[in-house]
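Coordinates in review
Listed below are the residues making up each chain.
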Amino acid sequence: MQTTTLGLTPSFGFGDRTGLATPGHIAAMRSTGTSIAPIFAQQSIREMSRTSRTPAQVMADAARAVDASGYCNETGADADHLKTEADIESTVSAGFTFFTLDPSGDVDADADSDSNAVLMEKVVQLGESVRWMDRFIGTRVKLAGNTSIELDEMSCRRAAVKYGRAIDTACRLADCVSRTARAANRPYEIELSIDETPHPTSLAEHWLIASRCREKGVTLISLAPRFVGEFEKGIDFKGNREAFVTSLVDHARIADELGPYKLSLHSGSDKLSIYGPLARATQGRFHVKTAGTSYLEALRVAAREDASLFREILIASRLRYSTDKLTYHVSATLDSAPDPTETT
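So, here is what we can say about the structure in this document. Everything numeric here is computed off the predicted structure, so don't read it as measured data.

Rules and cut-offs
- Residues numbered from 1 in each chain as written.
- Predicted model: local features only at pLDDT ≥ 70, side-chain atom pairs only at ≥ 80, totals over all residues.
- Heavy atoms only, no water.
- Helix = DSSP H or I, 4+ residues; strand = E, 2+ residues; numbered from the N terminus.
- Rg over C-alpha atoms; globule rule 2.2 N^0.38 Å.
- Buried < 20%, exposed > 50% of the residue type's maximum accessible area, 1.4 Å probe, protein only.
- Contact = heavy atoms within 4.5 Å.
- Areas by Shrake-Rupley, 256 points an atom, 1.4 Å probe, with all protein chains shown as cover.
- Lys, Arg positive; Asp, Glu negative; His and termini not counted.
- Charge placed at Lys NZ, Arg CZ, Asp CG, Glu CD.
- 1 Å grid on protein atoms, 1.4 Å probe; cavity = no way out; pocket = protein on both sides within 12 Å on 5 of 7 lines; lining within 4 Å.
- Points joined across faces, edges and corners; volume = space filled by probe spheres on them.
- Nonpolar A, V, L, I, M, F, W, Y, C, P; charged D, E, K, R; others polar.
- Core = buried A, V, L, I, M, F, W, Y, C linked by side-chain atoms within 4.5 Å.

1. Overview of the overall build of the protein
Counting its secondary structure elements, the protein contains eleven helices and ten strands. Relative to its length of 344 residues, the protein is compact, with a C-alpha radius of gyration of 21 Å against a globular reference of 20 Å. C-alpha atoms of the protein, sized along the principal axes, occupy 60 × 50 × 40 Å. By residue count, 49% of the 344 residues in the protein fall in the buried class. Intrachain contacts of the protein at a sequence separation of at least 6 include 74% that bridge at least 24 residues. Approximately 15,900 Å² of the protein is accessible, and the part contributed by carbon and sulfur atoms is 51%. Seen as two clouds, the 39 positive and the 46 negative side-chain charges of the protein have centres 2 Å apart.

Structure representation (structure tokens):
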């Protein structure tokens, strides 16, 4: 399997968590007849840890399936949700080409509800690191169409508190990707993930984050905002579809203005009702990241073919749920899951 960068070509990441689903993903790609580029090797460091896989194993499993199938179209390899330089170094070494940077640990989600007084206290604490945002205060950004973004003082201050440290982290990690990949003579492209927050990314926040990345010399191939609505793995979009589409169009206009770069839809498994609007709003400059579907299908196979194995999985999942759910947007509860002793 020869992985490469995909540029602005529309792309779809399959997220084969078990290392067994890629043959099915390849068959799906062949059946579509589309120009969408696939990413078969895709897994976050977090999920590698939970499934006891290494970056090299993820690449090897995908390569084995691709080579066995004779698939010869271009494909990328997504090192997902990278948070440290060590993560970057290990995934570059394994041959990944698409690096999703996740600075969510430095996002101050409380900024969305902080009072003005608290925000100003935090701005003072952040000091020089967010002074760059001052020059945007009072700016009015006019996007294509009738949308404008008012960058008043409080919207800038709120964005500075919420994302100031995260932007610095993202730029530092991007520099690490560039240095490490160049040293290894490997191609690379960078996606920035800002979707793992409780509240949707505002247009002002998107504009300020992308502007700062460009100023710092970070070339984004895609950016994943936290869109309006709920995005849970393995099920369709939950929320006001009209509001989502309206917001999506404006985010796409920002991506055109400050890039161009693709808009990335994370937790995109089975979001059938919004794939069309995503493609149209972005004029084909999109990336969809999935993982939930193939994992759920694997569970369906286990339930049908080996009931005792499925019970073991269900017991383990119930024990881990309160911990593992903290890293996802999910609404399921333990009360809604069957008792393992009663499953047949």
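Now, onward.
2. Some thoughts on empty space enclosed by the protein
Counted under the stated rule, the structure contains three cavities of 30 Å³ or more. Considering only enclosed or pocket space, the largest cavity measures out at about 60 Å³ in volume. Lining the largest cavity are P103, S104, V107, Y163, A166, I167, A170, L192, S193, I194 and I209. Ranked by the residues each element gives to the lining of the largest cavity, the list is headed by helix α6 (residues 153-183), at four residues. Grouping the constituent residues of the lining of the largest cavity by class yields nine nonpolar, two polar and no charged.

3. Side note on the nonpolar core
By size, the foremost hydrophobic cluster in this structure holds 77 residues, and its most contacted members are L101, I149, L151, L192 and W207. No other element matches the 13 residues that α6 contributes to this core. Every residue in contact with L192, bar those within four places of it in the chain, is listed here: L101, P103, A170, I209, C213, L220, S222, L223 and A224. L6, A37, F98 and I221 belong to the second-largest nonpolar core, a separate cluster that totals five residues.

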